[in-house]
Amino acid sequence: MQGNMEMIKAILAGGKKVVALTGAGISAESGVPTFRGREGLWKNHHAEDLARPDAFEAKPELVWEFYNWRRDLVKKCEPNPAHLALVELELQLPNFLLITQNVDGLHAKAGSRKLLEMHGSLWRLKCTTCTHAREDFSELPELPECPVCGHLLRPGVVWFGEPLVPGVLKLAISQIAAADVFLSIGTSNMVQPAASFYQLAKDHGAVTVEINLEPTPNTGFMDFALHGKAADILPKLVTGLSE
Ligand code: BV8
Ligand code: ZN
């Protein structure tokens, strides 16, 4: 791995446009349960069974309880060295974009600014009926109602079976297509369309790097694969980059 690290550092340092994609694994060391890890269960429910519009339609209170549980849990979590290393990368590189699948808000909390939260955020609420939407970090044990029209609010996230916000997907595609280095960090590459972003980068000639505890379905197609904890690997990758 060491040899690859030095090579990847040199490639990063020379990167004209670097795009990083992160998944739940980058927040694992902050104490946020991943989607598909053992702890991916909540009260014997799989996250995928609750993060869906039909689940909210059928049992809004249960789905909200799940999201309120996650909000309370994530509120106590702090960014880890992996999040902070990506802030460093943003500061050191002239042209960097971080695209995250995560909704925990930890990249923003760490200080990332060139950030696209492609699946939304636990801290955003939106009305199921009118255009009311807001950032809200308060305790919300009860399913919140819209202050404008009185209908139910819902988490401002993209559920399974829902399209991404068109502008977000368009921006992600255009940025990845222009990248010369694409980092895929802490994602199992099971969720579309994010799982296909590496292919778009490759098709446009980018060097592709995967950082994960273990191989994923995309590993075989990546130029480099670094196996280990993101909080160990990323700080080593970004140290001394601008020297
Ligand atoms: C859509 C918000 C179309 C909610 C999430 C083909 C094409 C298009 C769509 C589909 C398709 N096939 C299937 C679909 C439908 C679906 C999909 O992909 N389903 C999957 C389950 C098969 N996709 C969609 O529905 C998407 N919408 O395509 O719309 C459309 C168009 C028009 C009209 C209608 C529809 C929307 C998907 C968004 C879902 N929302 N989040 C919420 O969070 O509550 S996705 C959810 O999964 C999270 O955001 C999470 O981040 C994400 C992906 O999971 P990962 O991040 O990868 O996390 P995971 O636990 O799986 O893996 C963790 C990894 O980290 C592991 O590899 C582990 O080894 C590693 N790791 C652990 N610790 C560490 C580590 N690595 C490094 N260091 C460590 N310490
Ligand atoms: Zn409303």
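These numbers come from a predicted model, not from an experiment.

1. Overview of the sheet that holds strand 9 (residues 181–185)
Taken together, the six strands give an open sheet; going across it, the order is 5-4-1-9-10-11, and neighbouring strands pair in parallel fashion. The sheet terminates laterally at strand 5 (115–117) and strand 11 (224–227), the two strands that pair on one side only. Direction aside, the axes of adjacent strands within the sheet are offset by 15 degrees on average. Pairing geometry for strand 1 (residues 18–22) and strand 9, over five bridges, is parallel. By the bridge assignment, Val18 is partnered in strand 9 with Val181.

2. A look at the coordination of the zinc ion (ligand 2)
Those protein atoms acting as donors to the zinc ion (ligand 2) are Cys127 (SG), Cys130 (SG), Cys146 (SG) and Cys149 (SG), and they sit at 2.3 Å. With four donor atoms in place around the zinc ion (ligand 2) and angles of 100 to 121 degrees between them, the coordination shape is tetrahedral. Positions of the donor residues of the zinc ion (ligand 2) along the chain correspond to the pattern C-x2-C-x15-C-x2-C. According to the relative accessible area criterion, Cys146 is buried, its value standing at 5%.

3. Concerning the nonpolar core
Counting 27 residues, the largest nonpolar core has Leu12, Leu89, Leu183, Ile185, Ile211, Leu234 and Leu237 as the members making the most contacts within it. Every element with two or more residues in this core is listed here: helix 1 (2–13), strand 1, helix 5 (81–92), strand 4 (96–100), strand 9, strand 10 (207–212), strand 11 and helix 9 (230–238). Here this core takes six residues from helix 9, the largest share from any one element. In contact with Ile185, not counting residues within four places along its chain, are Ala20, Leu21, Thr22, Gly23, Ile26, Leu86, Ile211, Ala230 and Leu234. The next biggest cluster of nonpolar side chains, apart from the first, holds 25 residues, and it includes Val103, Leu140, Leu143 and Val157.

4. Thoughts on the sheet that holds strand 8 (residues 153–157)
The three strands lie next to each other as 7-6-8, forming an open sheet whose pairing is antiparallel. The sheet terminates laterally at strand 7 (133–135) and strand 8, the two strands that pair on one side only. Here the strands of the sheet are splayed against their neighbours by 35 degrees on average, with no regard to which way each runs. The pairing of strand 6 (residues 120–127) with strand 8 spans five bridges and is antiparallel. For Leu125, the partnering residue across the bridge sits in strand 8 and is Pro155. Along the sheet, helix 4 (residues 60–75) makes contact with strand 6 and strand 8, crossing strand 6 at roughly 140 degrees.

5. Things to note about the domain arrangement of the protein chain
Assigned domains within the protein chain: domain 1 (2–32 + 77–119 + 163–238) and domain 2 (33–75 + 121–157). Just the C-alpha atoms count here: the centres of domain 1 and domain 2 sit 26 Å apart. Domain 1 puts 15 residues into the contact, and the matching count from domain 2 is 14 residues. Of the roughly 1100 Å² buried at the junction of domain 1 and domain 2 (both faces included), carbon and sulfur atoms supply 56%. Contact with domain 2 buries area across many residues of domain 1, yet Val32, Cys77 and Val103 alone supply 43% of it, more than any other trio.

6. Structural notes on the packing of aromatic side chains
Scanning the model with the defined rule gives six aromatic pairs in all. Aromatic side chains Phe56 and Trp159 sit 5.3 Å apart centroid to centroid with 40 degrees between the ring planes, which places their arrangement in the tilted category. With Phe56 in helix 3 (residues 53–58) and Trp159 in the loop between strand 8 and helix 7 (166–177), this residue pair connects regions lying 103 residues apart in the sequence. In this structure Trp159 comes out as buried when scored by relative accessible area, which is 3%. Ring plane angle 55 degrees and centroid distance 6.2 Å describe the contact between Tyr67 and Trp159, whose orientation is recorded as tilted. Note that Tyr67 is positioned in helix 4 and Trp159 in the loop between strand 8 and helix 7, a separation of 92 residues in sequence. Pairwise contacts between aromatic rings join Phe56, Phe66, Tyr67, Trp69 and Trp159 into one cluster.

7. Quick look at the pairing of strand 4
For strand 4, the buried fraction is high: five of the five residues fall into the buried class. Of the two faces of strand 4, the one lined by Phe96, Leu98 and Thr100 and the one lined by Leu97 and Ile99 are each fully buried. Here strand 1 pairs with strand 4 via five bridges, running parallel. Paired with Val18 across the two strands is Phe96, which belongs to strand 4. Looking at chain direction, strand 4 and strand 5 are connected through three bridges and run parallel. Along strand 5, the bridge assignment pairs Leu98 with Leu115.

What counts and what doesn't
Residues numbered from 1 in each chain as written. Chains lettered and ligands numbered in written order. Predicted model: local features only at pLDDT ≥ 70, side-chain atom pairs only at ≥ 80, totals over all residues. Heavy atoms only, no water. Pairing = 2+ DSSP bridges. Helix = DSSP H or I, 4+ residues; strand = E, 2+ residues; numbered from the N terminus. Axes fitted to C-alpha atoms, helices over the stretch in contact; angles between N-to-C directions. Donors = N, O, S within 2.8 Å, 3.2 Å for Na, K, Ca; no water. Tetrahedral: all angles 85-135°; square planar, octahedral: opposite > 155°, others 65-115°. Buried < 20%, exposed > 50% of the residue type's maximum accessible area, 1.4 Å probe, protein only. Core = buried A, V, L, I, M, F, W, Y, C linked by side-chain atoms within 4.5 Å. Contact = heavy atoms within 4.5 Å. Domains from an automatic or database assignment. Buried area = accessible area lost by both parts, 1.4 Å probe. Phe/Tyr/Trp six-rings, centres within 6.5 Å; stacked < 30°, edge-to-face > 60°.

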